[in-house]
Amino acid sequence: SITWFGEDFAYDITDEEACWELLQQPITVLDVSEKEVVYPRVSPNGEKVVNEWMGGSINGSLAAVHVLGEDEDGWTLIEGLDYYNRVIRGYVKTSLLKTVTPNDKYGVIIDKLTQRLYMFIDGKLWSSCAVSTGLPNKDQPYNETAAGEYLIGSWVGGFDSEGMYCEMGIRFNGGDLLHMVPAIYSGGMDANGNPVGDANYDICESALGRRASHGCVRVQRQANADGYSHTWLWNNLRGQKNVKIIIWDDDGRKLTE
């Protein structure tokens, strides 16, 4: 299969210099709204490469694409990752391509193998915490958290997800958000989707460090020794522009002792 970072990519979080260089590389995105999708085409203005629900499209403005060719009558060959974590290659309108310079203070790497979020500040790995990325199943392959490169987008805030309340949601890829590990409330949700009663985090917190979500990245709630938690991320990255998030895939990789 095609991998986003190349077959010989090191995935070495201890190499701060290489990680920071990756976090600082300009990122090309599709210049549409955060939740708009673009379907790459087989040929300029041709049929969709893949035409299926949730598959074959690339999310706008926050998700990186690789430019593979020159302009052809207003269309350019690119590749990007869809919700099924597949590399999709095809043509998009050249006018949609926009190159963004990442934030030069903060950067985030999420490794699906270790199920950890690594926080970089000023070129150094400052801290890390446990996360849960997506757990796909046969009926919901789109639950996979796609690998690749993204920009932090809208501060969405709290929302209900199938009876679980997720606080401090921050969009990074279409419907996928970074958010605090969810709580189940004793009184459920009111008519406006707000939680009622006492919060119980036990179920979702016990799953941190392994896949568990519908595609979002659930982030540790309790502060670690560095003072890092999702609340820290929410408070400190708010107001920052173009913070880059890199998500490393786990395909073919094994944990080392």
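Residues numbered from 1 in each chain as written. Predicted model: local features only at pLDDT ≥ 70, side-chain atom pairs only at ≥ 80, totals over all residues. Heavy atoms only, no water.

K.L.:
Please clarify how a negative patch on the surface should be interpreted in this entry.
P.N.:
Together, D12, D15, E17 and E21 make up a region of like negative charge exposed at the surface. Here D12 is to be found in the segment before helix 1 (16-24). Owing to a relative accessible area of 32%, D12 belongs among the partly exposed residues under this scheme. (Patch = residues over 30% accessible without salt bridge, like charges linked within 9 Å, V, L, I, M, F, W, Y side chains within 5 Å. Areas by Shrake-Rupley, 256 points an atom, 1.4 Å probe, with all protein chains shown as cover. Salt bridge = Lys/Arg side-chain N within 4 Å of Asp/Glu carboxyl O. Lys, Arg positive; Asp, Glu negative; His and termini not counted. Charge placed at Lys NZ, Arg CZ, Asp CG, Glu CD. Helix = DSSP H or I, 4+ residues; strand = E, 2+ residues; numbered from the N terminus. Buried < 20%, exposed > 50% of the residue type's maximum accessible area, 1.4 Å probe, protein only.)

K.L.:
Would you mind showing me how to read the pattern of salt bridges here?
P.N.:
One side chain can pair with another of opposite charge once the charged atoms of both are near each other. Applying the stated criterion to the full structure yields 14 salt bridges. Across the pair D82 and R86 runs a salt bridge whose closest N-O atoms are separated by 2.8 Å. Judged by its relative accessible area of 30%, R86 falls in the partly exposed class. Where E205 meets R221, a salt bridge forms, and the shortest distance between an N and an O atom there is 2.8 Å. Here the residue E205 occupies a position in helix 2 (residues 202-206), and R221 occupies one in the loop between strand 17 (217-219) and helix 3 (230-237), the gap between them amounting to 16 residues. Assessed through its relative accessible area of 26%, R221 is described here as partly exposed. When salt bridges that share partners are traced, they join K112, E144, R211, D249 and D250 into one network.

K.L.:
Could you clarify how one ought to interpret the sheet that holds strand 11 (residues 148-151) in this entry?
P.N.:
Hydrogen bonds between backbone atoms are what pair the strands of a sheet, whose relative direction is either parallel or antiparallel. Read from one edge of the open sheet, nine strands run 11-18-8-9-10-17-14-13-12, paired in mixed fashion. At either end of the open sheet lies a strand with only one pairing partner, and these are strand 11 and strand 12 (155-161). Going from strand to strand, the sheet's axes swing by 30° on average, the running direction of each strand aside. In this structure, strand 9 (residues 116-121) lies alongside strand 10 (residues 124-132), joined through six bridges in antiparallel fashion. In the sheet register, I121 faces strand 10, and the bridge partner there is K124. (Pairing = 2+ DSSP bridges. Axes fitted to C-alpha atoms, helices over the stretch in contact; angles between N-to-C directions.)

K.L.:
Teacher, can you tell me more about helix 1 here?
P.N.:
Among the residues of helix 1, those classed as buried are C19, W20, L22 and L23. Around the axis of helix 1, the buried residues are gathered within 155° of arc, so they sit on the same side. In helix 1, the exposed positions angled more than 90 degrees off the buried face are occupied by E17 and E21. Buried residues along helix 1 sit against strand 8 (106-111), strand 9, strand 11 and strand 18 (244-248). (Arc of directions from axis to C-beta. Contact = heavy atoms within 4.5 Å.)

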